[in-house]
Amino acid sequence: MNKKELKEKLVSLAERSTFHAIPNIVQTDSTTIKLIWAVCLIMSAGYCAKVLITNTVDYFRYEVETVIKIDRESEAEFPTITLCFVQVCADNELYQLDIDLDRFQKSANSSDLYNSTRTIFENMRNYFRTKTYYNQSLRNILLRYNKTRSIKEHLISCQYSGEACSEKNFEYFQLGEFQRCFKFNSGKDWNNGKQEIRVAKRYGKNNGLQLELIAGNPAKCNLPLTSTSGLILYVHNYTYSVSEDTNGIQLAPGTETSIAIDRTFVNKLPSPYSDCIPSEWRTASSGSSKFVKRTFEVTANYTQQTCFQLCYQNYLVENQLCYDESLPRTSDDVSRASKGRCPKLIDIIEDQNKQPVNNSAFYESHDKECLDSCPTECEYVTYDTTISSSQYPTKTYKTILSYKINNSEIFNSAKDELARTSILALNVFYRSDMFKTIKEKPSIEGEIFVSNIGGALGLFLGISVLSLVELFEILFEICLAFFESKLGGAKSQLGDAKQQPNPTGIMVVDVSNQQQQLQNGVKLDGDAKLKQTKT
């Protein structure tokens, strides 16, 4: 195929093209019409390019839309309920405490305490730390108090969904220096044995957890370790661990508190839409932060809380040269901590030279680093609570309780006030069988992106998917013409080489051509004889 034939072929393809304006430009003989169509084609192609770029940029921003859905289910996994007693109660070990409280009250009226940057409670606690008898007694109380790992002495009654429960259904752990905590429905019992996670088959007050508890006799819970009394309650998933920074619900003695729970399930999109960690991950990716990688070293399932704790542990090791034994840690954290374990309250009591850990620098600078280094989980559940309370118990019910348990200091008292400052009731339940799902989806799906690109190309240029076949056809014709021209040139060179004289003077005979001519001659002679015979 020569150049002329190739040009004619390309013109023919252009006339049949589905691209807008191209057939009109090729077929018309008017230069003005050609120019008009060319300008229109350029303008349309330019705006089409703008639309394509905008759609492509929007797609690769990986923005998401949030879909909120309300649904129902007949059975729901009941959350873990954690109860932490905020007071340390003693018998008669601090017999001088009342006297010193009076002394402190008188000294607290002085202007130096009120002008101090610390609170009155902090001044009171520091005041008692200077008392030798207080430090010795407090040490003995904390040692004995931390050994008590059962909620039995606090539990009056326990029911879940109409069935009785006991102290064996509560897992013990210690929060901070002295808070004794007990978890219900954590998957473990009082002896760290395995228990099945309970489910709620119905909603309402009578189908949840109902407790009556003794918070403690206020006459024996006056240690200056906290300024509040009662309990702190946490509602969370059984995979979540409560820390001192977790927001809880304060439960006051002398009240019956009802906590109605609503669930919200959150499903985020992983990379490239966000940096959240999918639940199916069992190891960190190569691009993950060092704290995410450490999280997978200490636990099989990633949680942002564990990552935060490891980040704080790293701060302690690098800045305080010690590690917190109550928090998750790696073997590397322990080996790098030159001072070993960070001092606890009981260590400071025994050795006045030891100082508590200073966290101010962490919250000023390192807290943001932990937030940036520890992404959230892609799937998690949150619990929204509605709280109501009323006075508890009534005078009549106090009498009934006095028959149920034998605690003369509380129930046989002539004063109702003592009972109201010592016991409380608690109801935790699902408010309804509905739950909320918050799910992310791509703002521009892959199919929508392709449709937007195709729509722009079709609207402004008339191009479709099948139009691409025309491009392949044009490329095929060009390649075919190229190879034919190359092949024709090679044959021409071969013919010229055969006609060139032999410089040696020896005749070169083309045997193959002579044989072919001889065979053709024999065949023609035979055909002629055959005709004569027939004639």
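The coordinates are above.
Residues numbered from 1 in each chain as written. Predicted model: local features only at pLDDT ≥ 70, side-chain atom pairs only at ≥ 80, totals over all residues. Heavy atoms only, no water.

As a further point, take a nonpolar patch on the surface. A contiguous nonpolar patch, built from Val-465, Leu-468, Leu-471, Phe-472 and Leu-475 and spanning about 520 Å² of accessible area, is present on the exposed surface. Tracing the backbone shows Phe-472 in helix α17 (residues 467-499). (Patch = residues over 30% accessible without salt bridge, like charges linked within 9 Å, V, L, I, M, F, W, Y side chains within 5 Å. Areas by Shrake-Rupley, 256 points an atom, 1.4 Å probe, with all protein chains shown as cover. Salt bridge = Lys/Arg side-chain N within 4 Å of Asp/Glu carboxyl O. Helix = DSSP H or I, 4+ residues; strand = E, 2+ residues; numbered from the N terminus.)

Before going further, it helps to spend a moment on the pattern of salt bridges. Inspection of the entire model under this criterion finds 15 salt bridges. Between Arg-336 and Asp-332 there is a salt bridge, with its nearest N and O atoms 2.9 Å apart. Here the residue Arg-336 and the residue Asp-332 both occupy positions in helix α10 (residues 331-336), the gap between them amounting to four residues, near one helical turn. Linking Lys-368 and Asp-372 is a salt bridge whose minimum nitrogen-to-oxygen distance equals 2.9 Å. Of this pair, Lys-368 and Asp-372 both sit in helix α12 (residues 360-373), four residues apart, which is roughly one turn of the helix. The burial state of Lys-368 is the same as that of Asp-372; both residues are exposed. The network of salt bridges with shared partners includes Arg-294, Glu-318, Asp-332, Asp-333 and Arg-336. (Buried < 20%, exposed > 50% of the residue type's maximum accessible area, 1.4 Å probe, protein only.)

Counting across every chain of the model gives six disulfides. One disulfide bridge connects Cys-276 with Cys-378, the sulfur atoms lying 2.0 Å from each other. Every disulfide takes its handedness from the sign of the S-S torsion; for Cys-276 and Cys-378 that torsion is 90°, giving right-handed. Taken as a pair, Cys-276 in the loop between β12 (255-267) and α8 (290-298) and Cys-378 in the loop between α12 and β13 (379-391) lie far apart in primary sequence, 102 residues in all. In this structure Cys-276 comes out as buried when scored by relative accessible area, which is 4%. (Disulfide = S-S within 2.5 Å.)

On to the nonpolar core. Membership of the largest hydrophobic core comes to 31 residues, with the highest contact counts inside it found for Leu-209, Leu-211, Leu-233, Leu-251 and Val-428. Non-local contacts of Leu-209, meaning those with residues more than four positions away in its chain, are made with Phe-78, Ile-81, Cys-158, Gln-159, Tyr-160, Cys-165, Phe-184, Leu-426, Asn-427 and Val-428. Counting residues in hydrophobic clusters, the runner-up holds 16 residues, among them Val-292, Tyr-302, Leu-327 and Cys-370. (Core = buried A, V, L, I, M, F, W, Y, C linked by side-chain atoms within 4.5 Å. Contact = heavy atoms within 4.5 Å.)

Distances and angles like these do not, on their own, reveal function.
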